[in-house]
Amino acid sequence: MDSDFGIARELSHLQKLRSQYQPDLPPCLEGKTVRVEFGDATAAADHMGAHTISRSFPHTYGQPLAHFLRATAKVLDAHIITDHPPIRVGLVFCGRQSPGGHNVIWGLHNALKIHNPNSTLLGFLGGSEGLFAQKTLEITDDILATYKNQGGYDLLGRTKDQIRTTEQVNAAMATCKSLKLDGLVVIGGVTSNTDAAQLAETFAEAKCQTKVVGVPVTLNGDLKNQFVEANVGFDTICKVNSQLISNVCTDALSAEKYYYFIRLMGRKASHVALECTLQSHPNMVVLGEEVAASKLTLFDITKQICDAVQARAEQDKYHGVILLPEGLIESIPEVYALLQEIHGLLKQGVSADSISSQLSPWASALFEFLPPFIRKQVLLYPESDDSAQLSQIETEKLLAHLVEAEMNRRLKEGTYKGKKFNAICHFFGYQARGSLPSKFDCDYAYVLGHICYHILAAGLNGYMATVTNLKNPVNKWKCGAAPITAMMTVERYGRGPGTLSLGKPALHPASVDLKGKAYELLRQNATKFLIDDVYRNPGPLQFDGPGADAKAVTLCVEDQDYMGRIKQLQEYLDKVRTIVKPGCSQDVLKAALSAMSSVTDILSVMSTPSNSGNTPF
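About the cut-offs
Residues numbered from 1 in each chain as written. Predicted model: local features only at pLDDT ≥ 70, side-chain atom pairs only at ≥ 80, totals over all residues. Heavy atoms only, no water. UniProt positions renumbered as here; feature names shortened; annotations may be inferred. Helix = DSSP H or I, 4+ residues; strand = E, 2+ residues; numbered from the N terminus. Expected span 1.5 Å × (residues − 1). Buried < 20%, exposed > 50% of the residue type's maximum accessible area, 1.4 Å probe, protein only. Contact = heavy atoms within 4.5 Å. Axes fitted to C-alpha atoms, helices over the stretch in contact; angles between N-to-C directions. Parallel < 35°, antiparallel > 145°, perpendicular 65-115°, else oblique. Nonpolar A, V, L, I, M, F, W, Y, C, P; charged D, E, K, R; others polar. Patch = residues over 30% accessible without salt bridge, like charges linked within 9 Å, V, L, I, M, F, W, Y side chains within 5 Å. Areas by Shrake-Rupley, 256 points an atom, 1.4 Å probe, with all protein chains shown as cover. Salt bridge = Lys/Arg side-chain N within 4 Å of Asp/Glu carboxyl O. Phe/Tyr/Trp six-rings, centres within 6.5 Å; stacked < 30°, edge-to-face > 60°. Lys NZ or Arg CZ within 6 Å of the ring centre and 35° of its normal. Pairing = 2+ DSSP bridges.

Under the annotation held in an unreviewed UniProt entry, the chain carries the name Pyrophosphate--fructose 6-phosphate 1-phosphotransferase subunit alpha and is attributed to Cinchona calisaya. UniProt lists a comment for the chain under the heading Subcellular location (unreviewed entry), and it reads "Cytoplasm". Regarding the chain, the relevant UniProt record gives this comment under Pathway (unreviewed entry): "Carbohydrate degradation; glycolysis; D-glyceraldehyde 3-phosphate and glycerone phosphate from D-glucose: step 3/4."

Structure below.
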């Protein structure tokens, strides 16, 4: 019921202590003045899709980057905003709950009140459904008191994860007009921020005064691009899961007779599985991106795990821990094709009981091969994005079943002479996403909330709040905003019913980069993890002491800060213009021409679609 939203929580001693923690702000967000510097106009990284994106978003494509500056910054063309009239802002949770979401509300509320105490923040109750129905709760200090630095989305709640159809977009616009909102902040992941971009475009076209701002909050960690280094919630999810995994590792080492198959949340991308592996050092992880890249079949994966079990048995080790991302099942080519056939039939109205008789011969054979419990799960109706209900398909039990059958066969044939294989399965799905947020997520979310106000104060529409240089302390974080359209790509290849979305600009989930430094670190340690039992336990989530400031391994090893480098490049270009101007010597002019010619030749080659690595497959 709506009356349940915003009520004071009963807090434990630890929760009370956490509610008193005050996140830090970077220097650029301090004070009562907004200082913003605009960079060059942006372009989509997807060169081939840029025309489609610009045509679909004529009012919001090509907007400049925005950098928020500290008071002492000496930037001549910075816009200094000192007049802050009262504004009305709405906020909605659109994505699945992710630790830290409440701090976005807190940060935005504080920023609003710092700059004008008469400003108003309205939270929509029940997610997008509340937005359509104009159900609001005015956010106050009293209401926030027991939600600061707390997990979950229960302050406002959430329902559907999309604002996509014409009716939904029109309902959202009607709400914003009726409530006289100056801004609408959309909190969520890839899908939610794609919807935010469409809202911004529609509002701009209709001359609606409401500016739309997106915030990257998703436990999956897949809203990553050149502007977004990390998502709120990912750090917490990985730390909580890593402790659970490490506990299981210790149990495996103690009993020495079980193999634990652990499936982790994360949707289609394997970021959570990769990060948890680097934190807790289980014996093995099967990443969906590896499977898709190598086109590994169900039998290939089974053989890989069996060979690992056999290699460990030769070291007199009959225990182990194996991590699996929940999206793995869709990365297996033949299983994906089976799912697409099933989903196509379900959408045609064929009942689940009748589907097996209407499958193609090869799909029918695979379906009959699967254990009965998996057959039932793959027959579930697909999600709104045409993907399978990944959280409901017990891939860990399927692989444990297949590995046990293969190890028994090897034992019977004499090719394996070790002890009988025993498996225990777990799904770490919902245990972590309601956790108290880590110190990092508390700070990051709070800062993003403040940035949302700065974006609105600067009059920007269709932007996402961004922070770069995140692996460094908060006082070195660089705050800004990037147009959501600059993060979009256009899918040109696809399979199954989902091909209906081909050619439509959108934010797409970022997969684990198999050429990236984080994956390289995993590969360097894979053999040691497999054989040597170098299990590592980071312990419970730390809010104080030596572990409190630990950042995600995948964040720390990557060389990021794209926004900072763009700004640095602009500074170099400005210096060139200052040095090489009419009246400079012939030698200076010739040197500049020669250098610029070489640079532009190199960059032209690198930025062509065939070399940029941005062509979708």
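Novice: Describe helix H7 (residues 190–205), naming the residues involved and giving the relevant values.
Specialist: With 16 residues, H7 extends 23 Å between its outermost C-alpha atoms, agreeing within 8% with the 22 Å of an ideal straight helix rising 1.5 Å per residue. Most of H7 sits inside the fold, with 12 of its 16 residues counted as buried. Listed as buried for H7 are Val190, Ser192, Asn193, Thr194, Asp195, Ala196, Ala197, Leu199, Ala200, Glu201, Thr202 and Phe203. If you follow the buried residues of H7, they end up packed against helix H2 (50–56), helix H6 (166–178), strand S7 (183–188), strand S8 (211–216), strand S13 (463–468) and strand S16 (505–506). Positive backbone phi, approximately 55 degrees, marks Lys207, located one or two places after H7.

Novice: Residue-level account of the packing of helix H13 (residues 333–347) against helix H15 (residues 361–369), with values.
Specialist: Running from N to C, H13 and H15 cross one another at 105 degrees; their axes reach a closest spacing of 10 Å. Comparing the axis directions of H13 and H15 gives the class roughly perpendicular. Packed against H13, whose contacting residues are Glu334, Val335, Ala337, Leu338, Glu341 and Ile342, the element H15 presents Trp362, Ala363, Leu366 and Phe367 at the interface. Across the contact of H13 with H15, the residue classes break down as eight nonpolar, no polar and two charged.

Novice: Tell me about a nonpolar patch on the surface, residues and numbers included.
Specialist: A surface patch of nonpolar side chains, amounting to about 260 Å² of accessible area, comprises Val599, Ile602 and Leu603. With respect to the helices and strands, the residue Val599 is situated in helix H22 (residues 586–606).

Novice: Would you mind going over the packing of aromatic side chains in detail, with residue names and values included?
Specialist: The full count for this structure, using the stated rule, is 10 aromatic pairs. Summarising the aromatic geometry, the rings of Phe93 and Tyr153 are spaced 3.8 Å apart at their centres and angled 10 degrees between planes, so their arrangement reads as stacked. Of this pair, Phe93 sits in strand S4 (residues 88–93) while Tyr153 is found in the loop between helix H5 (141–144) and H6, placing the two residues 60 residues apart along the sequence. Tyr153 carries the same exposure label as Phe93, and that label is buried. Ring geometry for Tyr259 and Phe421: centres 5.4 Å apart, planes at 25 degrees, overall stacked. Here Tyr259 is found in strand S9 (residues 259–264), whereas its partner Phe421 is found in the loop between helix H17 (395–413) and strand S12 (423–428), with 162 residues between them in sequence. What makes Phe421 buried here is its relative accessible area of 4%. These aromatic residues form a ring-pair network of at least three members: Tyr259, Phe261 and Phe421. The ring of Phe427 is capped by Arg263, whose NZ or CZ atom sits 3.8 Å from the centre of that ring.

Novice: For the sheet that holds S9, give the residues involved together with the corresponding values.
Specialist: Reading across from one edge, S10-S11-S9-S12 is the order of the four strands in this open sheet, with parallel pairing throughout. Either end of the sheet is taken by a strand with one partner, and the two such strands are strand S10 (284–285) and S12. Direction of pairing for S9 relative to strand S11 (residues 320–325): parallel, over a ladder of six bridges. For Phe261, the partnering residue across the bridge sits in S11 and is Ile322.

Novice: So what's going on with the pattern of salt bridges? Residues and values would help.
Specialist: This model, assessed by the stated rule, comprises 17 salt bridges. Its salt-bridge partner being Asp235, residue Lys239 comes within 2.9 Å of it at the nearest N-O pair. Highlighted residues: Lys239 and Asp235, both in helix H8 (residues 234–255), separated by four residues, approximately one helical turn. Per residue, the accessibility class of Lys239 equals that of Asp235, and both read buried. One salt bridge in this structure joins Asp307 and Arg410, with 3.0 Å as the shortest N-O distance. Here Asp307 is found in helix H11 (residues 298–313), whereas its partner Arg410 is found in helix H17, with 103 residues between them in sequence.

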